[in-house]
Amino acid sequence: MQKTALVCGAGGFIGGHLVKRLKSEGFWVRGVDLKFHEHAETEADDFAIGDLRDQRFVREVVDQRFDEVYQLAADMGGAGYIFTGENDADIMHNSATINLNVLDACHKRNIKRVFYSSSACMYPEHNQLDPDNPNCVEDSAYPANPDSEYGWEKLFSERLYLAYNRNYGMECRVARYHNIFGPLGTWQGGKEKAPAAMCRKVAEAHDGGSIEVWGDGKQTRSFLYIDECIEGTTKLLRSDFAGPVNIGSDEMITINGLAEMVIDIADKDVSVHNIPGPLGVRGRNSDNNLIKEKLGWAPSQTLREGMEKTYAWIATEAKKRDNQK
Ligand code: NAD
Ligand code: GDD
């Protein structure tokens, strides 16, 4: 029997890549999203356009016993979207409603295996004040103190999925993604994250010019290339471990360091100009001990390898955009 999968958020960055991966494994795939993918044709066998906040629509698309369900749909973005405070009510309402609807429909259809994408943004701010030594070990989550409403919604939804495991015998799996990047991701418009923003700014810069980077540039992060995110995602869903578990890179870098890396990749004579902007936590890095222990796997690709591919894609997209003007 051909296996079946449902990908919620299939019109987005990670969902789009996941559909491709599941098709290459021979699955029949249904994608669901508010919109089609902006950067690529979908490979899904069936693609339902609709709003997962609408319970009736959710019950229509969760219309069979899928072997695997991936719930990636969310109201999300980078620092310029989630840390300004202006989108807090929408983020909490939209994402929580999607999770409540999708999970309950899966339960009613007797679907067991559901993947949920939480975020490193749920970790307490007080453990991420030192840029050189942030603590993102899974069991440091409580007492809870995320620095954004986006993080609080993720924490609530993590608990929701795990409650369905306990009370209804489901096999939900919860990952905490740490800043995922790569080709076919959002690279302009305000929701882009630092890796894509740096690539776009450098691609647009002229030799002798500069790029603007928010903050003093000494804040730290780690960034995970999309292929490794997809590998970790499918591995976790098919494992016996419910999580929550980090899916992220442990190669930490300062944001100015990231900018310099992109400038070097582009081989341009460009300088970094630090300006005020939305910042988020001071430091963050994935702790990969638990994923190694439970899945016998952790990401290993270097940041540079992923950034080279991402820069090449964004530079091409930026050129296409400029030619259309
Ligand atoms: P994305 O924004 O590219 O994809 C999310 C998709 O959900 C979008 O295509 C959007 O249209 C869709 N969506 C939003 N509201 C919807 C609704 N009401 N009905 C139907 N579809 C709706 O984001 P992504 O980077 O692919 O992230 C996927 C998931 O991973 C999200 O849950 C996100 O919070 C989580 N995550 C991502 C990262 C990252 O760095 N990309 C980090 C941590 C967690
Ligand atoms: N987006 C962006 N754009 N960030 C910039 C820029 C810029 O032009 N310049 C500097 N930064 C800095 C931000 O101020 C922040 O300190 C850091 O780069 C990282 O920003 P993002 O990549 O936008 O977000 P984040 O790492 O704080 O949070 C992201 O990762 C989470 C998981 O780890 C977000 O994408 C969340 O949605 C995600 O859950």
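Note that the coordinates shown come from a computational prediction; the quantities given were computed from them, not determined experimentally.

What counts and what doesn't
Residues numbered from 1 in each chain as written. Chains lettered and ligands numbered in written order. Predicted model: local features only at pLDDT ≥ 70, side-chain atom pairs only at ≥ 80, totals over all residues. Heavy atoms only, no water. Helix = DSSP H or I, 4+ residues; strand = E, 2+ residues; numbered from the N terminus. Polar contact = N/O pair within 3.5 Å; in protein donor to acceptor, adjacent residues only side chain to side chain. Near = heavy atom within 4 Å. Areas by Shrake-Rupley, 256 points an atom, 1.4 Å probe, with all protein chains shown as cover. Salt bridge = Lys/Arg side-chain N within 4 Å of Asp/Glu carboxyl O. Buried < 20%, exposed > 50% of the residue type's maximum accessible area, 1.4 Å probe, protein only. 1 Å grid on protein atoms, 1.4 Å probe; cavity = no way out; pocket = protein on both sides within 12 Å on 5 of 7 lines; lining within 4 Å. Points joined across faces, edges and corners; volume = space filled by probe spheres on them. Nonpolar A, V, L, I, M, F, W, Y, C, P; charged D, E, K, R; others polar. Axes fitted to C-alpha atoms, helices over the stretch in contact; angles between N-to-C directions. Parallel < 35°, antiparallel > 145°, perpendicular 65-115°, else oblique. Left-handed = near helix turned anticlockwise from the far one by under 90°. Contact = heavy atoms within 4.5 Å. Domains from an automatic or database assignment. Buried area = accessible area lost by both parts, 1.4 Å probe.

J.: Help me understand the side chain of Asn-87, please; the structure alone is not making it clear to me.
T.: Structurally, Asn-87 can be placed in the loop between helix H3 (79-82) and helix H4 (88-108). Among the polar contacts listed, one links the side chain of Asn-87 to the backbone oxygen of Tyr-81, at a separation of 2.9 Å.

J.: How should the site of ligand 1 be read in this particular structure?
T.: Around ligand 1 sit 26 residues, and of these Ile-14, Asp-33, Asp-51, Tyr-150 and Ile-180 come closest. Between Phe-13 and ligand 1, the recorded distance is 2.8 Å, taken from a backbone N or O atom to an oxygen atom. Within the side chain of Tyr-150, an N or O atom sits 2.7 Å from an oxygen atom of ligand 1. Burial of ligand 1 by the protein amounts to 93% of the accessible area it has alone, namely 810 Å².

J.: Explain the pattern of salt bridges to me, please; I cannot follow it from the model alone.
T.: Opposite charge on two side chains makes pairing possible when the charged atoms of those side chains draw close. This structure, assessed with the given rule, holds 26 salt bridges. The partner of Glu-43 in a salt bridge is Lys-20, with the nearest N and O atoms 3.6 Å apart. Of the two residues, Glu-43 is situated in the loop between strand S2 (28-33) and strand S3 (46-49) and Lys-20 in helix H1 (residues 13-24); the sequence distance between them amounts to 23 residues. For Glu-43, a relative accessible area of 40% gives the class partly exposed. Given the relative accessible area of 47%, Lys-20 is considered partly exposed. The network of salt bridges with common partners includes Arg-21, Glu-25, Glu-68, Glu-231, Lys-235 and Arg-238.

J.: Would you mind showing me how to read empty space enclosed by the protein here?
T.: In this approach the atoms are scanned with a rolling probe the size of a water molecule, which exposes any empty space left behind. Per the counting criterion, the structure on display carries one cavity of 30 Å³ or more. In this structure, the largest cavity occupies an estimated 50 Å³ of space. Forming the walls of the largest cavity are Phe-181, Phe-223, Leu-224, Tyr-225, Glu-228, Ser-249, Pro-299, Gln-301, Thr-302, Leu-303 and Gly-306. Mapped by element, the contributors of at least two residues to the lining of the largest cavity are strand S10 (224-225) and helix H10 (303-324). Split into classes, the residues belonging to the lining of the largest cavity amount to six nonpolar, four polar and one charged.

J.: I tried to follow the packing of helix H8 (residues 255-266) against H10 on my own but got confused; where do I start?
T.: Helix-helix packing: each pair is described by the crossing angle between the helix axes and the interaxial distance. Closest axis-to-axis distance for the H8/H10 pair is 10 Å, and the angle between their directions is 60°. One element, H8, and the other, H10, form an angle in the oblique class. Where H8 crosses over H10, the handedness of that crossing is right-handed. In this structure, H8 contributes Leu-258, Met-261, Val-262, Asp-264, Ile-265 and Ala-266 to the contact, and H10 contributes Leu-303, Arg-304, Met-307, Glu-308 and Tyr-311. In terms of residue class, the contact of H8 with H10 is made up of eight nonpolar, no polar and three charged.

J.: I'm lost on the domain arrangement of the protein chain in this one. Help?
T.: A common measure of how large an interface is: the accessible area buried when the components associate. Domain annotation of the protein chain identifies domain 1 (4-180 + 225-247) and domain 2 (182-222 + 251-281 + 302-317). Distance between the C-alpha centres of domain 1 and domain 2: 25 Å. Domain 1 puts 25 residues into the contact, and the matching count from domain 2 is 24 residues. At the boundary of domain 1 with domain 2, total buried surface from both sides reaches about 2000 Å², with 61% on carbon and sulfur atoms. Looking only at domain 1, the three residues that lose the most surface to domain 2 are His-39, Asn-179 and Tyr-225, adding up to 30% of its buried area. The interface formed by domain 1 and domain 2 holds one salt bridge in total. Two residues, Asp-75 and Lys-191, come together in a salt bridge whose shortest N-O distance is 3.8 Å.

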